[in-house]
Amino acid sequence: QLGRVAEARQLFDSVLGKWPKGEFGDDSLHALAELAIEAGDLTGAEQLLSRFAREYPSTGLKLHGELLSGRLELARAAVKLRDQRPVRPAEQVDG
């Protein structure tokens, strides 16, 4: 599956690079942001979502972009909680 995700990223990036104002430019940028969130690349996702809002302010996918922004914030909160969770002795690695 990972190979397919990488392939999808390349295809969406290619479409976006060749036809940024074409019919599928907004779809491609939206998909790239979604893939970044799923891959845990939250900084990349934030940059892509900012670009999406800036370059496609009146897209029909505007609501979907806002939903992705919400998913990004949830992912950030999950990372923060995970990083703040105390490590119990049984989980510690001998060092």
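The residue numbering used here restarts from 1 in each chain and proceeds along that chain's sequence as written. With the structure being a predicted model, the display of local features is reserved for residues of pLDDT at least 70 and the display and counting of side-chain atom pairs for 80 or more, all residues being used for whole-chain, interface and lining totals. Calculation of side-chain values draws on the structure's entire complement of heavy atoms; hydrogens and water are dropped beforehand.

**Things to note about helix H4 (residues 62-84)**
Here is step 1 of the chain: By the criteria applied, helices consist of DSSP H or I runs no shorter than four residues and strands consist of E runs no shorter than two, each listed in order from the N terminus. Expected helix span is given by 1.5 Å per residue-to-residue step, counting one fewer step than there are residues. With 23 residues, H4 extends 33 Å from end C-alpha to end C-alpha; this agrees with the ideal 33 Å at 1.5 Å per step.
Here is step 2 of the chain: Those residues of H4 that sit buried are Gly-65, Leu-68, Leu-72 and Ala-75.
Here is step 3 of the chain: By definition, residues are in contact when any of their heavy atoms lie within 4.5 Å. Where H4 is buried, its residues contact helix H2 (25-39) and helix H3 (42-55). Three exposure classes are used, based on accessible area relative to the maximum for each residue type with a 1.4 Å probe and protein chains only: buried under 20%, partly exposed in between, and exposed over 50%.

**Here's the deal with the packing of H3 against H4**
Here is step 1 of the chain: Contact geometry of H3 with H4 gives a least axis separation of 10 Å together with a crossing angle of 160°. Between H3 and H4, the interaxial angle falls into the category roughly antiparallel. The chirality of how H3 crosses H4 is left-handed. Contacts between H3 and H4 involve Leu-42, Ala-45, Glu-46, Leu-49 and Phe-52 from the former and Gly-65, Leu-68, Ser-69, Leu-72, Ala-75, Arg-76 and Val-79 from the latter.
Here is step 2 of the chain: Three classes are used, and their members are as follows: Ala, Val, Leu, Ile, Met, Phe, Trp, Tyr, Cys and Pro are nonpolar, Asp, Glu, Lys and Arg are charged, and the others, Gly among them, are polar. Split by residue class, the contact of H3 with H4 holds 8 nonpolar, 2 polar and 2 charged. The axes used here are C-alpha line fits, helices contributing only the stretch in contact, and every angle between their N-to-C directions lies in the interval 0 to 180 degrees. For classification purposes, an angle smaller than 35 degrees is called roughly parallel, one larger than 145 roughly antiparallel, one from 65 to 115 roughly perpendicular, and anything else oblique. Handedness of a crossing follows from how the near helix is turned relative to the far one, being left-handed for an anticlockwise turn of less than a right angle and right-handed for a clockwise one.

**What about the packing of aromatic side chains?**
Here is step 1 of the chain: A pair of Phe, Tyr and Trp rings is counted when the ring centres sit within 6.5 Å of each other, with Trp represented by its six-membered ring. The angle between the planes then sorts it: under 30 degrees is stacked, over 60 is edge-to-face, the rest tilted. Under the counting rule described, the total for this entry stands at 1 aromatic pair.
Here is step 2 of the chain: Relative to Tyr-56, the ring of Phe-52 lies with its centre 6.2 Å away and its plane at 45°, an arrangement referred to as tilted. As far as burial versus exposure is concerned, Phe-52 and Tyr-56 are alike and both buried.
Here is step 3 of the chain: When the ring centre of Tyr-56 is taken as reference, the NZ or CZ atom of Lys-21 above it lies at 5.3 Å. Whether a charge lies above a ring is judged from NZ of Lys or CZ of Arg, which has to be within 6 Å of the ring centre and within 35 degrees of the ring normal.

**Brief notes about the side chain of Thr-59**
Here is step 1 of the chain: By the element assignment, Thr-59 lies in the loop between H3 and H4.
Here is step 2 of the chain: Judged by relative accessible area, Thr-59 falls into the buried class, the value being 12%.
Here is step 3 of the chain: Whenever a nitrogen or oxygen atom comes within 3.5 Å of another N or O atom, the pair is scored as a polar contact, on the condition that within protein one atom can donate a hydrogen and the other can accept it, and that pairs from neighbouring residues in sequence are kept only if both atoms are in side chains. Reaching out from Thr-59, the side chain makes a polar contact with the side chain of Asp-26 at a distance of 2.4 Å.
Here is step 4 of the chain: Reaching out from Thr-59, the side chain makes a polar contact with the backbone nitrogen of Leu-61 at a distance of 3.1 Å.
Here is step 5 of the chain: For Thr-59, the contacting residues outside a window of four places in its chain are Asp-26 and Phe-52.

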